[in-house]
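# Reading the structure
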Amino acid sequence: MKSKLVKLLIFVVAGVLILFFSNDFGLIDVEKTAIITAVAIDLDGENYKVTAQIAVPEATDTKTENQRAQISGVGGTVGAAIKNVGDTSGWYPQLAFCNLIILGESLSDTDVIFILDYFSKTLRVQDSALTVMAEGSAYELLKLSTPLDNVSSFALQKILLKNSGLNRDIAHCDVKTFCVDYYSVSESSFMPLIKVKSQKEENSKSDGSSEGQGQQTQSGVKGEYIFNANSTVLFYKGKKVGYLDEKQTLAFKVLKNDFSSSTFEVQNVSSLFERTHNYLLTVIKCKVKSYLKIEKQIPLFCVDVDMYVKISDENTSGTDLDYIKNLPLPAAVKEKAELDMCENIESLINAEKVTGCDFLGIKKELFRRHYDQYSAFKDSVISSFEYQINVNVHGKS
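If you're wondering where the values come from, they're calculated on a predicted model, not measured in any experiment. (Residues numbered from 1 in each chain as written. Predicted model: local features only at pLDDT ≥ 70, side-chain atom pairs only at ≥ 80, totals over all residues. Heavy atoms only, no water.)

## So, the overall build of the protein chain
When its secondary structure is counted, the protein chain shows 12 helices and 15 strands. Counting over 397 residues, the protein chain shows a buried share of 42%. For the protein chain, long-range pairs separated by at least 24 residues make up 70% of all intrachain contacts whose partners lie at least 6 apart in sequence. When the accessible surface of the protein chain is totalled, it reaches about 21900 Å², and 52% of it is carbon and sulfur. (Helix = DSSP H or I, 4+ residues; strand = E, 2+ residues; numbered from the N terminus. Buried < 20%, exposed > 50% of the residue type's maximum accessible area, 1.4 Å probe, protein only. Contact = heavy atoms within 4.5 Å. Areas by Shrake-Rupley, 256 points an atom, 1.4 Å probe, with all protein chains shown as cover.)

## Digging into the nonpolar core
Among the nonpolar cores identified, the biggest contains 78 residues, and Ile41, Phe119, Phe264, Leu281 and Met307 are the most heavily contacted of them. Residue contributions to this core peak at 7 residues, all from helix α9 (residues 331-355). Every residue in contact with Met307, bar those within four places of it in the chain, is listed here: Val254, Phe259, Phe264, Val283, Lys285, Cys286, Met341, Asn392, Val393 and His394. Counting 19 residues, the second-largest nonpolar core is a separate cluster that includes Ala134, Leu156, Leu160 and Ala229. (Core = buried A, V, L, I, M, F, W, Y, C linked by side-chain atoms within 4.5 Å.)

## Quick look at the pattern of salt bridges
Across all of its chains, the model carries 11 salt bridges by this definition. When the shortest N-O distance is used, the salt bridge between Asp340 and Lys336 registers 2.9 Å. Taken together, the residues span about one helical turn, with Asp340 and Lys336 both in helix α9 at a distance of 4 residues. Since its relative accessible area comes to 17%, Asp340 is described here as buried. Glu365 is the salt-bridge partner of Arg369, the closest N and O atoms lying 3.0 Å from each other. Separated by 4 residues within a single helix, Arg369 and Glu365 lie in helix α10 (residues 362-369), roughly one turn from each other. (Salt bridge = Lys/Arg side-chain N within 4 Å of Asp/Glu carboxyl O.)

## Concerning unusual backbone geometry
The backbone phi angle of Asn257 is positive, close to 60 degrees, even though this residue is not glycine. Residue position: Asn257 is located in the loop between α8 (246-255) and β12 (263-270). Under the relative-accessibility criterion, Asn257 is labelled partly exposed at 43%. Phi is positive for Asn268, which is not a glycine, with a value near 55 degrees.

## What about the packing of aromatic side chains?
A full pass over the atoms with the stated rule returns 10 aromatic pairs. Centre to centre, the rings of Phe301 and Phe385 are 6.2 Å apart; their planes meet at 90 degrees, and the pair counts as edge-to-face. Here Phe301 is found in strand β14 (residues 298-314), whereas its partner Phe385 is found in the loop between α12 (381-384) and β15 (386-394), with 84 residues between them in sequence. Residue classification places Phe301 among the buried residues on the basis of a relative accessible area of 4%. (Phe/Tyr/Trp six-rings, centres within 6.5 Å; stacked < 30°, edge-to-face > 60°.)

## Quick word on the state of the cysteines
Under the defined criterion, the tally for this structure stands at 0 disulfides. For Cys179, which is in no disulfide, the shortest distance to another cysteine sulfur is to Cys173 and amounts to 8.6 Å. (Disulfide = S-S within 2.5 Å.)

## Remarks on α10
For α10, the full list of buried residues reads Ile362, Lys363, Lys364, Glu365 and Leu366. Lining the buried residues of α10 we find α6 (175-182), β13 (276-295), β14, α9, α11 (374-377) and α12.

## Things to note about the confidence of the model for the protein chain
Across the protein chain, the average pLDDT comes to 83, with 81% of residues at or above 70. For the protein chain, per-element mean pLDDT is lowest for helix α7 (residues 207-213), which scores 39, and highest for strand β11 (residues 239-244), which scores 96. Taken as a whole, residues 24-28 scores under 50 in pLDDT and shows 5 contacts with residues more than four places along the chain or in a different chain. Note that residues 201-221 has pLDDT below 50 and, in this model, 21 contacts with residues that lie over four places away or in other chains. (pLDDT = per-residue confidence, 0-100.)

## Some thoughts on the packing of helix α2 (residues 78-89) against helix α3 (residues 113-121)
Contact geometry for α2 and α3: axes closest at 9 Å, N-to-C directions at 65 degrees. By the angle between their directions, the pair α2 and α3 is classed as roughly perpendicular. Counting all contacts with α2, which are made through Val78, Gly79 and Ile82, the residues of α3 involved are Ile115, Tyr118 and Phe119. Of the residues contributing to the contact of α2 with α3, the split by class is 5 nonpolar, 1 polar and no charged. (Axes fitted to C-alpha atoms, helices over the stretch in contact; angles between N-to-C directions. Parallel < 35°, antiparallel > 145°, perpendicular 65-115°, else oblique. Nonpolar A, V, L, I, M, F, W, Y, C, P; charged D, E, K, R; others polar.)

## Let's talk about the packing of α3 against α6
One way to put it is that α3 packs onto α6 with a least axis distance of 10 Å and a crossing angle of 125 degrees. Compared by their axis directions, α3 and α6 come out oblique. Between α3 and α6 lies a crossing of left-handed hand. Packed against α3, whose contacting residues are Ile113, Leu116, Asp117, Phe119 and Ser120, the element α6 presents Val175, Phe178, Cys179 and Tyr182 at the interface. For the contact of α3 with α6, the per-class residue count stands at 7 nonpolar, 1 polar and 1 charged. (Left-handed = near helix turned anticlockwise from the far one by under 90°.)

Below is the structure:
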């Protein structure tokens, strides 16, 4: 019995040693490995220009902010450009921690699947890496910093993937979702559009004081810019065909059944004294049912939205009743909220018809639930389908 245990122990130790010594130590040499947090891609003539943002850890007592560096490479393919980044820098580009892929606006008229296919098929990048399009140059966007984070990719991820309690008003998309939608019967995809807004830094410090505190960035004074991702870019067969504005994007999140705990503003609500007031409503629960049916040989897209909301703020004079936990929702607010939401959803549906981008998944529904009629409607369903919208907004009665 003891001899068997000894033999088993020897085999286990031998197996561990084989796995240990067969590992490629060259790839885990920290001093030669560049940890890439984001990748920006632009067109450079007929080639791709890939800019990698590299996190630079600095364990010091005086600097507490994140440091970063950008290195660019050019190639005929995305993989070749990334390899060029390593060749020109001498650092091995480690993509396992890359959580953000930024496409420049110069790629709008090209089939972006030629780029994203590389990231979806290689095992070096995780499928959950977010994809966005910059309004302008992706390289320039990556260089910017915000008031709260010196690393632009970290700041972007915070607004794309908001924590619980913040508004769900951004149509974020990852590499896997984009490619799955591209290769589906809809051939349609989407991703957030990143807009940059300039912001003057308050209480700016002098050059002497900021130099000692690490306040200066490669693009200017820290906190000079803020990002907005509330608009959405639409793609059909990999090419940009249109945009969704902020209200349409909000309606899109509602139809995706991802709007609970969000807020939306209801403006110009009529009152008894011929005045209008504005209200901020918080969505406690939001149930959405959307489906496609064939009625009298006409595709009909039905949307049913049921929202339970409460008033969070209003620009009217208050009373003691305002401190009641479950304040009843006034009929005028309910009516205006339903009207506004219906208009936003209708505008969203019309955007699908105009652009031809099936971001609502109409052709998917036709293929899955009405396959016997798919061949008859597949080429015309996006432009010819009719719709029916029913929105019910209610609070405590």
